Amino acid sequence: MAAVNRDNMEEVKTDDGSPKIKPRPIVRLGIFLIAHSPIFSVVFSAAGVLALLLLPLLAKNTYISENALMPGSARSMLSNQDVSDGSKLVKDIKNFRLNHEGQGVEVQKLIGKYMSDMGAEVSFQKFHPEGNQFHPLHFFSSPDSYALEENVSCASYGVNVAGIIRAPRGDGKESIVLVTPYDFINGGDYESLSLGIVSSLFSLLSRVTWLSKDIIWLVADSRYGDYRPVAAWLTEYHSPSFKVSDLLKCDELNTADNFRRAGTMAAALVVKVDGRSERFEDTLSIYAEASNGQMPNLDLINVVNYLAVHRQGFYVKVEKVVSLLSSSWLQIFGEIFEAVGKLAHTLNPDWNFGIPAADYLEGSATLASSLYSQALGIPTGPHGAFRDYQVDAITLKISPRFPPDSKTRQHDFFLRGARLLEGTIRSVNNLLEKFHQSFFLYLLTSPSKFISVGVYMIAFALLVAPLPMVAASLYIDGCKALTNSTHNPAENLKSWKWLDAAKQVFALHLLGFIVTLLPYFICQVPGQHSPRNRSIMWGTTSSSLLLITFVTIPGFSPFSSRLHGTNWAVLKSVTIAAAFIGLCLMSIINFATAEIGALLLVPTCLMAQPIKPALRSRRVKSLLGAFCSLVLVTIGFPVMFFALSKGLLGEGLVGLSLGGEFWTWLESLWAWKSATYLYIGMVHLPCWLLCLCILFHPS
């Protein structure tokens, strides 16, 4: 009882006489992390990089999540007669083009006749694709550059051919789309083989009784590229235009009121035959990345991969960064992980997380390609047009092992390719609803291995975790320094010390927004300008705006922060907070972009500190820190990182044409409305400028 009274007496002995409340554990943990933020920032950053390197080891085997798919459960019904029909179409197209060179519309009519003879509803669609133009007000709008325009040239339009088979067991509310891009003017022999594969399958599907979803076969006029005709057809399919165009007068094809539609699209497969395989077997390449890192449901890839490997004997692959396969440092990591895995297996036979070093190299190269393709935000094939309408789609690029004029092997190639598509369509046909069981957020390390979002997000979380801790620690230290430097009680309001730094950070982010819009105005400059000249104009204008901002509004210039009483630690604190918010927002839009951005921006922000005190002290530790800061800031410059990434991808570093190539790369980003372009201009570039200002802060 006496002990309790003694504790109560000690409890009230505070400055104002109120009882002292013990902080909650979460608050004490936060205070502990902030107090030791330098140590934890190093630990978390190293753990984030290590987690990224461990991802190939953590990849799991793919599996079919939706039981209704049942790939390979039914016997193929494709006959030799169906394959003969496909071979006949390819032969007729080849003979027609030899005798009627340049008459593309007649080839469309020939394909339409074949579709009609199979019992399909045939329609032709004319489109006049315009070049993608950067417009800030249309950045996130749906593509409208494929609509029919007035007063266009009849020599530049394209014609798509679409045939629809109505499902005998369906109600017309769902459909499956098959797409074969084909250049009706300059199409090669390999390209026509894709028509033969799908025509063989179409011949079968026109008479089967098990179909519950309509089948659409779209032959896209790919003279303007593979993506644009598909996007034009999808725009007309989902958003019909009732505007009469002059294109209707261009030739004898009557496309007015001729467009046919089916039900909601359950899935889409784009089939291409592209060159001869480098292996001794037919190769199937799967492309799945759509705009802004969107991916189709993993079950669709799993079904195709299972049928191709275990039923038709294709060698299936996905894209990889070939230069990483010969990387010595990755080889060292692979051997280390392999040795650790063997050691763990000897300690406990149930621990099987190690993989051979060769498999680690393959997985890392494929993972890097998957991460890079998603980060770019540019579709890797015409399937990306379907993903804009929330339709799961992939591109299948088949490379046969024989030359295109080999008639003996062509029959077997058509048979196996059509059976692959038949099995996939039967699986999708079994679905009673859209794909939803499997993953939509994942990275591929091989056609049969993936990394789910719950695994790869750990690396990003570890990388950005130090940012709020370091920001809070720097803010506290900066406020203490400012308080000690003044004797005016009115200036000791620590709560508002960050406002001056926030104004400077806001000014540079506003400048980044303006720089992001500059390409639109540069493209309006009359005359023909090369990409190199446009990049020079962009860089000159951006630098001039930066100097004008610093000269006309000196309070916004970080270089004049000493005159306005802003400590560099407070400025760095607000900069880190802005970087943290930008990276977290970007992770919602495109996780791959946020991951790569964190690898660049987090070390740069954490290491940024004024170099003048380091030069004055001449200590080895200070000089080493200043050198690391300079290196990170140099690498973090977007143009420099672009050059280094080209070297890592095996394309080699560029010289005087670097500015032009960087402009062309940015053009591709805004033409495809990639959110990565906005991230570079409105998050990365302002934070990089702020780190540069901190580096040369007049402390």
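Residues numbered from 1 in each chain as written. Predicted model: local features only at pLDDT ≥ 70, side-chain atom pairs only at ≥ 80, totals over all residues. Heavy atoms only, no water.

- Under the annotation held in an unreviewed UniProt entry, the protein chain carries the name GPI transamidase component family protein / Gaa1-like family protein and is attributed to Arabidopsis arenosa.

Digging into the pattern of salt bridges
So, point 1. Inspection of every chain in the model, using the stated rule, returns 18 salt bridges.
So, point 2. With a closest N to O distance of 3.2 Å, Asp92 and Lys88 form a salt bridge. One end of the pair is Asp92 and the other is Lys88, both in helix α4 (residues 80-99) and four residues apart, which spans about a single turn.
So, point 3. Overall, the relative accessible area of 47% leaves Lys88 in the partly exposed class.
So, point 4. For the salt bridge of Lys272 with Asp226, the shortest nitrogen-to-oxygen distance reads 2.5 Å. Of the two residues, Lys272 sits in strand β6 (residues 264-273) while Asp226 sits in the loop between β5 (214-221) and α7 (227-238), which places them 46 residues apart along the sequence.
So, point 5. One connected set of salt bridges, linked through shared partners, spans Asp282, Arg401, Asp412 and Arg416. (Salt bridge = Lys/Arg side-chain N within 4 Å of Asp/Glu carboxyl O. Helix = DSSP H or I, 4+ residues; strand = E, 2+ residues; numbered from the N terminus. Buried < 20%, exposed > 50% of the residue type's maximum accessible area, 1.4 Å probe, protein only.)

A few points about the sheet that holds strand β1 (residues 60-61)
So, point 1. Within the open sheet, the three strands sit side by side as β1-β11-β10. Their pairing is antiparallel. Looking at strand neighbours, the two that pair on one side only are β1 and β10 (442-446), the edges of this open sheet.
So, point 2. Across four bridges, β10 lies against strand β11 (residues 449-452) in antiparallel orientation. Its bridge partner being in β11, Leu444 is matched across the sheet by Phe450.
So, point 3. Here helix α10 (residues 357-376) sits on the sheet in contact with β10 and β11, set at roughly 145° to β10. (Pairing = 2+ DSSP bridges. Contact = heavy atoms within 4.5 Å. Axes fitted to C-alpha atoms, helices over the stretch in contact; angles between N-to-C directions.)

Considerations on the sheet that holds β6
So, point 1. Ordered in space as β2-β3-β5-β4-β6-β9-β7-β8, the eight strands form an open sheet in which the pairing is mixed. The open sheet is flanked by β2 (121-127) and β8 (315-317), the only strands paired with a single partner. Within this sheet the neighbouring strands show an average axis-to-axis angle of 20°, counted without direction.
So, point 2. Most of the contacts of helix α6 (residues 189-205) go to strand β4 (residues 174-182), to which it runs at about 155°, and overall it touches β3 (158-165), β4, β5, β6 and β9 (393-399).
So, point 3. Most of the contacts of helix α12 (residues 407-429) go to β6, to which it runs at about 165°, and overall it touches β4, β5, β6, β7 (283-287) and β9.

Concerning the side chain of Gln410
So, point 1. Tracing the sequence through the fold places Gln410 in helix α12.
So, point 2. Judged by relative accessible area, Gln410 falls into the buried class, the value being 5%.
So, point 3. Not counting residues within four places of it along the chain, the set of residues in contact with Gln410 comprises Ser87, Leu193, Phe402 and Pro404.

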